[in-house]
Amino acid sequence: MSVLDSIIEGVREDLAKRRRSLGELHEEMSQAAAPLDAHPLLKGDVMKVIAEVKRSSPSKGSLSSIADPAALAEQYQSAGASVISVLTEERRFKGSLADLTAVRSRVSIPILRKDFMVDEYQFFEARAHGADMVLLIVAALAKSQLRDFYDLATELGMAALIEVHTADELERAMEITPRIVGVNSRNLKTLEVNPAAFADLIPKIPPEVIRVAESGISRRADVEFAQSQGADAILVGEALVTSADATLAMRSLLGQG
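Being a predicted model, the structure only gives us computed values, none of them experimental. (Residues numbered from 1 in each chain as written. Predicted model: local features only at pLDDT ≥ 70, side-chain atom pairs only at ≥ 80, totals over all residues. Heavy atoms only, no water.)

**Re the environment of lysine 94**
Working step 1: Position of lysine 94 among the secondary structure elements: in the loop between strand E4 (83-87) and helix H4 (97-104).
Working step 2: Residue classification places lysine 94 among the partly exposed positions, given a relative accessible area of 48%.
Working step 3: Placed 32 residues apart in sequence, lysine 94 and serine 62 show a C-alpha to C-alpha distance of 8.6 Å. (Helix = DSSP H or I, 4+ residues; strand = E, 2+ residues; numbered from the N terminus. Buried < 20%, exposed > 50% of the residue type's maximum accessible area, 1.4 Å probe, protein only.)

Written out as structure tokens, the structure is:
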């Protein structure tokens, strides 16, 4: 079993424990603020940042306790982040939907629910907790699921970050005419990082699509490399949560001193 398969197995088990009626979720969705449009915030002449609230990872283990995820998200927003990514996977990343709710209550920019979306229920759940975006990992989904989940996210007013790691996955992603594609330099099946993925795949994504570089970004040189390949935005978690000052860390990545 690959690492990705193991994570998804856990996600399904945890989902089964917390699953409630769709009627309850729809009631909560009706009370949630309208979703924010992330698309115009992730495209422009300067590099955009999706800053991540991330306590742990399968590859590195514990990264930061993050006792107050909302305060960290506020710091990210003040430092210039365009979107806040909130990990909600419980076992490997130590996240929760409570983190998503807390962050939504304190920031005014779009929020990405970062999780392994494998069930339609999770999309209603994401919207009920205030998510404006969701992550769709091509490697984790069948072709029909990818299309159905993308359509469902769109129907609910959420943007979808379509994540790929290989040329085959990018080809599958482009079949649904996505607006945002993320190239993850980390292979989720083995957890190995290969920065060459940015050079291999980002230039193949049409320029009208928002192109996001994910994983392995810890230095200014990493950002410059991703940008040279055509990235419009970077998704960064570890380099920010392990720094002594997240604001300074973000400015350093963006070459702002």
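**Points about the sheet that holds strand E1 (residues 48-53)**
Working step 1: In space, the eight strands of this closed barrel follow the order E1-E4-E5-E6-E7-E8-E9-E10, with parallel pairing throughout. The mean inter-strand angle of the sheet, taken between neighbouring strand axes irrespective of direction, is 25°.
Working step 2: On top of the sheet, helix H3 (residues 69-79) reaches E1 and E4; it is set at about 165° to E1, its chief contact. (Pairing = 2+ DSSP bridges. Axes fitted to C-alpha atoms, helices over the stretch in contact; angles between N-to-C directions. Contact = heavy atoms within 4.5 Å.)

**Let's talk about the pattern of salt bridges**
Working step 1: Taken as a whole and judged by the stated rule, the model has 20 salt bridges.
Working step 2: Taking the shortest distance from any N to any O, the salt bridge between arginine 20 and glutamate 24 comes out at 3.5 Å.
Working step 3: For glutamate 24, a relative accessible area of 39% puts it in the partly exposed group.
Working step 4: Between aspartate 151 and arginine 147 there is a salt bridge; the shortest N-O distance is 3.5 Å. Separated by four residues within a single helix, aspartate 151 and arginine 147 lie in helix H6 (residues 143-155), roughly one turn from each other.
Working step 5: Look at the salt bridges and you will find they share partners, linking Arg18, Glu90, Arg113, Asp115 and Glu125 into a network. (Salt bridge = Lys/Arg side-chain N within 4 Å of Asp/Glu carboxyl O.)

**Here we look at the packing of H3 against H4**
Working step 1: Interhelical geometry of H3 versus H4 gives an angle of 50° and a closest axis separation of 8 Å. One finds that H3 runs oblique with respect to H4. Considering how the two elements wind past one another, H3 and H4 form a crossing that is right-handed. In this structure, H3 uses Pro69, Ala70 and Ala73 to contact H4, whose residues at the interface are Asp99, Ala102 and Val103.
Working step 2: Residue classes in the contact of H3 with H4 are distributed as five nonpolar, no polar and one charged. (Parallel < 35°, antiparallel > 145°, perpendicular 65-115°, else oblique. Left-handed = near helix turned anticlockwise from the far one by under 90°. Nonpolar A, V, L, I, M, F, W, Y, C, P; charged D, E, K, R; others polar.)

**Focus on the pairing of strand E10 (residues 233-236)**
Working step 1: Neither face of E10 is exposed, since Ala233 and Leu235 on one face and Ile234 and Val236 on the opposite face are all buried.
Working step 2: With four bridges connecting them, E1 and E10 associate as parallel partners. Residue alanine 51 lies in a different strand from E10, and its bridge partner there is valine 236.
Working step 3: By the bridge criterion, three bridges tie strand E9 (residues 210-214) to E10 in an arrangement that is parallel. Note on E10: the bridge partner recorded for valine 212 is alanine 233.
Working step 4: A crossover connection joins E9 to the parallel E10 through helix H9 (residues 220-228); in handedness this β-α-β unit is right-handed. (Right-handed = clockwise from strand over helix to strand, strands pointing away.)

Bear in mind that shape data such as this cannot, by itself, settle questions of function.
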